[in-house]
Amino acid sequence: MTRFSANLGFLWTELDLPDAIRAAKRAGFDAVECHWPYDVDAARVKAALDETGLAMLGLNTHRGNPGENGLSALPGREAEARAAIDQALAYADVVDAGAVHVMAGFGQGAAARAAFVGNLRYACDVAPHRTILIEPLNAHDVPGYFLGTLQLASDVIAEVARDNLKIMFDCYHVRWTEEDVGAQFQAVFSQIGHVQFASYPDRTEPDQGSFDYAPIFRQLADLGYDRPLGAEYRPKTSVEAGLGWMETLRV
């Protein structure tokens, strides 16, 4: 049966992170994930995870300065990028997070790619026991982000050449850049480390919008993908009011 992870960067944002974890448990989620938890003491987060029995699937590296969206593809900022990686890995160690998403940031060209590849190799090598994720973000929502397509993410993974580097496959972002999300799953399935979803094009509950997730979730099950899928969407009203999809889309 399909399992779901609550992305607490978008769900229950009115609550303190430990209380959001408890809310996810009450709502029936099987795991949680977050964006930038660094203002919350990691020991408190771990206590809430232990209390609920939920796993923390992943978290993001720090975005950088105001207006930035990651540091790892910024030439000349390698020291800051690696400090952010170290910070994320240290937090992940305390809360036993399965993965760290290394955010690329805004940039283009060969120098940005070289910086990104070098920083990803650093992350993979200092944490060989942990999955390192990269996520293509669509240009409609995040113009100028270095990692803008699934093909580029796949190429970067090949260049970095580390077994623990994987793609965070966000169906919402992929649908903005590719017509056939199912075909893209097939193309990069061996490189996928985590899957996220939200309605397209409005990024709300996944049973809204013009994109049908039922065949996608069945395809993932048929392919043997058995890890929790990340619900990363913005609720239209309260989280609880929009959770009907958890039954209708579970396969």
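Everything numeric here is computed off the predicted structure, so don't read it as measured data.

> Can you help me understand helix α7 (residues 181-188) in this one?
Think of an α-helix as turning once every 3.6 residues; residues three or four places apart then point the same way. When α7 is considered as a whole, its buried residues turn out to be Val181, Gly182, Gln184, Phe185 and Val188. The buried residues of α7 occupy one face: seen down the axis, they fall within an arc of 160°. Residues of α7 that are exposed and point more than 90 degrees away from the buried face comprise Gln186 and Ala187. Where α7 is buried, its residues meet α5 (150-160), β7 (165-170), α6 (171-177), β8 (192-197) and α8 (214-223). For α7, the N-terminal cap is aspartate 180; the gap from its side-chain oxygen to the backbone nitrogen of glycine 182 is 3.2 Å.

> Help me understand the packing of aromatic side chains in this model?
Aromatic rings in a pair are described by how distant their centres are and how their planes are angled relative to each other. Inspection of every chain in the model, using the stated rule, returns 18 aromatic pairs. Taken together, a centroid distance of 6.1 Å and an interplanar angle of 55° make the contact between phenylalanine 29 and tryptophan 245 tilted. Of this pair, phenylalanine 29 sits in the loop between α1 (17-27) and β2 (31-33) while tryptophan 245 sits in helix α9 (residues 245-248), and the two are 216 residues apart along the sequence. Here phenylalanine 29 and tryptophan 245 have matching classes, each one buried. Ring centres of phenylalanine 197 and tryptophan 245 lie 5.3 Å apart, and the angle between their planes is 75°; on these two criteria the pair is classed as edge-to-face. Separated by 48 residues along the polypeptide, phenylalanine 197 in strand β8 and tryptophan 245 in helix α9 bring together distant segments of the chain. For the residue pair phenylalanine 197 and tryptophan 245, the accessibility class agrees, reading buried in each case. Taken together through their ring pairs, the aromatic side chains of Phe4, Trp12, Phe29, Phe197, Phe211, Tyr213, Phe217, Tyr233 and Trp245 make up a single cluster. Just above the ring of tyrosine 200 sits the side chain of arginine 175; from NZ or CZ to the centre is 4.5 Å.

> I'm lost on the side chain of glutamate 135 in this one. Help?
Note that glutamate 135 resides in the loop between β6 (131-134) and α5. Salt bridges are absent for the buried glutamate 135, whose nearest opposite-charge side chain, arginine 203, sits at 5.1 Å. Not counting chain neighbours up to four residues away, the residues in contact with glutamate 135 comprise His101, Tyr145, Leu147, Met168, Asp170, His173, Gln196 and Glu232.

> Can you walk me through unusual backbone geometry in this structure?
Omega for the peptide link from tyrosine 200 to proline 201 comes to 10°, which places this bond in the cis form. Relative to the elements of secondary structure, proline 201 occurs in the loop between β8 and α8. If you check the backbone angles, tryptophan 12 has positive phi at about 55° while not being a glycine. The residue tryptophan 12 is located in the loop between β1 (4-7) and α1 in this model. In this structure tryptophan 12 comes out as buried when scored by relative accessible area, which is 3%. Positive phi, normally seen in glycine, also occurs at aspartate 96, with a value near 60°.

> Would you mind going over the side chain of glutamine 184 with me for this structure?
Within the fold, glutamine 184 resides in helix α7. A relative accessible area of 18% means that glutamine 184 is categorised as buried. Contact partners of glutamine 184, with chain neighbours within four places excluded, come to Leu150, Phe169, Val174 and Glu178.

> Explanation requested: the nonpolar core in the structure shown.
One recurring pattern in soluble globular proteins: nonpolar side chains tend to sit buried together. Ranked by internal contacts, the top residues of the largest apolar core, which has 83 residues, are Trp12, Ile21, Phe29, Leu59, Phe116, Phe169 and Trp245. When near neighbours in sequence (up to four residues on either side) are disregarded, phenylalanine 29 contacts Phe4, Ser5, Ala6, Leu11, Trp12, Ala24, Leu54, Ala231, Leu243, Trp245 and Met246.

> What's the story with the pattern of salt bridges in this structure? I'm lost.
Opposite charge on two side chains permits pairing when their charged atoms draw close. Across all of its chains, the model carries 13 salt bridges by this definition. With its nearest N and O atoms 3.5 Å apart, the salt bridge here joins aspartate 170 to arginine 203. Of this pair, aspartate 170 sits in strand β7 while arginine 203 is found in the loop between β8 and α8, placing the two residues 33 residues apart along the sequence. Among the ionic pairs, arginine 203 bridges to glutamate 232, the shortest N-O distance being 3.0 Å. Here glutamate 232 lies in the loop between β9 (229-231) and α9 and arginine 203 lies in the loop between β8 and α8, a separation of 29 residues in the sequence. In this structure arginine 203 comes out as buried when scored by relative accessible area, which is 8%. Relative accessible area serves as the criterion here: at 5%, glutamate 232 is assigned to the buried category.

> Before we go on, may I ask you to explain the sheet that holds β7 in this structure?
In a beta sheet, neighbouring strands are held together by backbone hydrogen bonds and run either parallel or antiparallel to one another. The strand order β3-β2-β1-β9-β8-β7-β6-β5-β4 describes an open sheet built from nine strands, whose pairing is parallel. Of all strands in the sheet, those bounded by a partner on one side alone are β3 (55-56) and β4 (58-60). As paired strands, β7 and β8 are joined by four bridges and run parallel to one another. By the bridge assignment, phenylalanine 169 is partnered in β8 with valine 195. Contacts from α5 reach β6 and β7, with the element oriented near 170° to β7.

So, how was this worked out
- Residues numbered from 1 in each chain as written.
- Predicted model: local features only at pLDDT ≥ 70, side-chain atom pairs only at ≥ 80, totals over all residues.
- Heavy atoms only, no water.
- Buried < 20%, exposed > 50% of the residue type's maximum accessible area, 1.4 Å probe, protein only.
- Helix = DSSP H or I, 4+ residues; strand = E, 2+ residues; numbered from the N terminus.
- Arc of directions from axis to C-beta.
- Contact = heavy atoms within 4.5 Å.
- Polar contact = N/O pair within 3.5 Å; in protein donor to acceptor, adjacent residues only side chain to side chain.
- Phe/Tyr/Trp six-rings, centres within 6.5 Å; stacked < 30°, edge-to-face > 60°.
- Lys NZ or Arg CZ within 6 Å of the ring centre and 35° of its normal.
- Lys, Arg positive; Asp, Glu negative; His and termini not counted.
- Salt bridge = Lys/Arg side-chain N within 4 Å of Asp/Glu carboxyl O.
- Core = buried A, V, L, I, M, F, W, Y, C linked by side-chain atoms within 4.5 Å.
- Pairing = 2+ DSSP bridges.
- Axes fitted to C-alpha atoms, helices over the stretch in contact; angles between N-to-C directions.

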